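# Tertiary structure, described
Okay, here's what each chain looks like letter by letter:
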Amino acid sequence: MNYVLYNDQIVTRDEVVISQEDRGYQLGDGVYEVVKVYDGKFFTAKEHIDRLYASADKIDLVIPYTKDVLHKLLHDLVEKNELGTGHVYFQVTRGVAPRNHIYPEPSVEAVLTANVTENPRPMANFENGVRVIVQEDIRWLRCDIKSISLLGAAMLKQKAHQAGCYEAILHRDGVVTECSSSNVLAIKDGVLYTHPATNLILNGITRQVILACADEIGLPVKEEAFRVEDIATMDELIVSSTTSEVTPIVEVDGVAVNGGTVGPWTRKLQQAFNAKVEAL
Ligand code: DCS
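Reading the values: the criteria
- Residues numbered from 1 in each chain as written.
- Predicted model: local features only at pLDDT ≥ 70, side-chain atom pairs only at ≥ 80, totals over all residues.
- Heavy atoms only, no water.
- Core = buried A, V, L, I, M, F, W, Y, C linked by side-chain atoms within 4.5 Å.
- Buried < 20%, exposed > 50% of the residue type's maximum accessible area, 1.4 Å probe, protein only.
- Helix = DSSP H or I, 4+ residues; strand = E, 2+ residues; numbered from the N terminus.
- Contact = heavy atoms within 4.5 Å.
- Patch = residues over 30% accessible without salt bridge, like charges linked within 9 Å, V, L, I, M, F, W, Y side chains within 5 Å.
- Areas by Shrake-Rupley, 256 points an atom, 1.4 Å probe, with all protein chains shown as cover.
- Salt bridge = Lys/Arg side-chain N within 4 Å of Asp/Glu carboxyl O.
- Near = heavy atom within 4 Å.
- Polar contact = N/O pair within 3.5 Å; in protein donor to acceptor, adjacent residues only side chain to side chain.
- Phe/Tyr/Trp six-rings, centres within 6.5 Å; stacked < 30°, edge-to-face > 60°.
- Lys NZ or Arg CZ within 6 Å of the ring centre and 35° of its normal.
- Domains from an automatic or database assignment.
- Buried area = accessible area lost by both parts, 1.4 Å probe.
- Nonpolar A, V, L, I, M, F, W, Y, C, P; charged D, E, K, R; others polar.
- Expected span 1.5 Å × (residues − 1).

Let's shift gears to the nonpolar core. Counting residues in hydrophobic clusters, the biggest one holds 28 residues, and the most contacted among them are Phe-42, Ile-63, Leu-70, Leu-74, Val-88 and Phe-90. Those elements that provide at least two residues to this core are β3 (30-38), α2 (45-58), α3 (67-80), β5 (86-93) and β6 (111-118). Discounting residues that sit within four places of it in the chain, Leu-74 has contacts with Leu-5, Phe-42, Ile-49, Val-88, Phe-90 and Ala-114. Membership of the second largest hydrophobic core comes to 18 residues, among which are Cys-179, Val-184, Val-239 and Ile-249.

In structure tokens:
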């Protein structure tokens, strides 16, 4: 995995020079994406690339390549590294300029970097489920932007890690939003609930795939927020992301969900999701 993307060139890791005055480095001024690769094939790459450009647009950052060119560069990077199953990380920062909160002139070009990681699917998590904690959502109010500024998210994930848990379910004034690096979905009485795609969550691509899977298996969806106190009453809970796919939650703050076992709707969603992966 020694080849990386540096602007529009595939180079070796030691050929990359990141300036101390890169706005990504100094201000966290940039956006990113993670795309899953199964057996050398991209999953929902177009959706991720579209979201990267949408995130960039929301912060007036101009990506100096067309979507098609970026797609091709990422494809070539995966091939060059002979990546089997894993993911591609790519980010764009606003470029290099003397440190100043105010954006530099548009003549300053954005800096694109990407790298790939071999990473098997976490099958044991899919099978057995994971434990999570509940935390107050301390992040900013533009969670719809996939920003590289991840300090709030990192602090929350670290809390989960220290508690021996996989993720932190986040809430604002008792309303469940998402997790530190994933979305959360809940099933109660045969209805799937998840926070609507507002500024308070990242509208996960996996979340959207799961909503399509729900439709396919006849599970009604309500994009409505639920509250922390509702968690204990949920039949099934799911963490979703590019790398977590459809991961069942079996314990929240030490309390078992569905008797600590994975529920039937979650299994059906996993099957529908797998069918999409196998169809690649
Ligand atoms: N919410 C947050 C805050 C995220 O960071 C992510 C993805 C998601 C939801 C789920 O989005 P996708 O389904 O589109 O992946 N986080 C990426 C990350 O930082 N690593 O892997 C996925």
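Picking up where we left off.
As a further point, take a nonpolar patch on the surface. A cluster of nonpolar side chains, namely Ile-138, Leu-151 and Met-155, defines an oily patch on the protein surface of about 320 Å² accessible area. Inspection of the secondary structure puts Met-155 in helix α5 (residues 151-162). On the accessibility criterion, Met-155 (47% relative accessible area) is partly exposed.

With that settled, consider the site of the ligand. Within the structure, the ligand sits among 20 residues, and Arg-51, Glu-178, Ile-205, Thr-206 and Thr-242 are positioned closest to it. Within the contact set of the ligand, a nitrogen atom lies 3.4 Å away from a backbone nitrogen or oxygen of Ser-181. At a separation of 2.8 Å, an oxygen atom of the ligand approaches a polar backbone atom of Ile-205. For the ligand, the protein covers 89% of the area, taking 480 Å² as the surface of the free molecule.

Overall, the coordinates contain 18 salt bridges when judged by the stated rule. Measuring nitrogen to oxygen at the nearest pair gives 2.6 Å for the salt bridge that ties Glu-245 to Arg-121. Highlighted residues: Glu-245 in strand β14 (residues 245-252) and Arg-121 in the loop between β6 and α4 (123-128), separated in sequence by 124 residues. Residue classification places Glu-245 among the buried residues on the basis of a relative accessible area of 1%. Across the salt bridge formed by Arg-139 and Glu-178, the nearest N and O atoms sit 2.9 Å from each other. Of this pair, Arg-139 sits in the loop between β7 (130-136) and α5 while Glu-178 sits in strand β9 (residues 175-179); the two residues are 39 residues apart in sequence, bridging distant segments of the chain. Summarising the burial analysis for this pair, Arg-139 and Glu-178 share the class buried.

The next subject is the packing of aromatic side chains. Taken as a whole, this structure holds three aromatic pairs when the rule is applied. Both rings, one in Tyr-38 and one in Phe-43, keep their centres 5.6 Å apart while their planes meet at 85°; by these two values the pair is edge-to-face. Here Tyr-38 and Phe-43 have matching classes, each one buried. The cationic tip of Lys-80 hangs over the ring face of Tyr-3; the distance from NZ or CZ to the ring centre is 4.8 Å. Lys-157 extends its terminal NZ or CZ atom over the ring of Tyr-166, reaching a point 5.7 Å from the ring centre.

Its domain assignment divides the protein chain into domain 1 (3-118) and domain 2 (123-278). Relative placement of domain 1 and domain 2: their C-alpha centres are 26 Å apart. With 24 residues of domain 1 at the interface, the matching set in domain 2 holds 19 residues. Between domain 1 and domain 2, the buried area comes to about 1,700 Å², and carbon and sulfur atoms account for 65% of it. One can count one salt bridge joining domain 1 with domain 2. Two residues, Lys-58 and Asp-144, come together in a salt bridge whose shortest N-O distance is 2.9 Å. At the boundary of domain 1 and domain 2, one finds seven residue pairs in polar contact (both at pLDDT 80 or more). If you list the elements that add at least two residues to the side of domain 1 that touches domain 2, you get α1 (23-27), β3, α2 and β5. Here the side of domain 1 that touches domain 2 gets eight residues from one element, more than from any other, and that element is β3. Class assignment of the residues belonging to the side of domain 1 that touches domain 2 gives a composition of nine nonpolar, nine polar and six charged.

Tracing the backbone shows Thr-44 in the loop between β4 (41-42) and α2. On the basis of relative accessibility, which here comes to 18%, the residue Thr-44 falls in the buried class.

With that out of the way, let us pick up helix α6 (residues 205-217). For α6, built from 13 residues, the straight-helix expectation of 18 Å at 1.5 Å per residue is met to within 8% by its first-to-last C-alpha distance of 19 Å. Within the sequence span of α6, burial applies to Ile-205, Thr-206, Arg-207, Val-209, Ile-210, Leu-211, Cys-213 and Ala-214. At the exit of α6 stands Gly-218, carrying a positive phi of roughly 75°.

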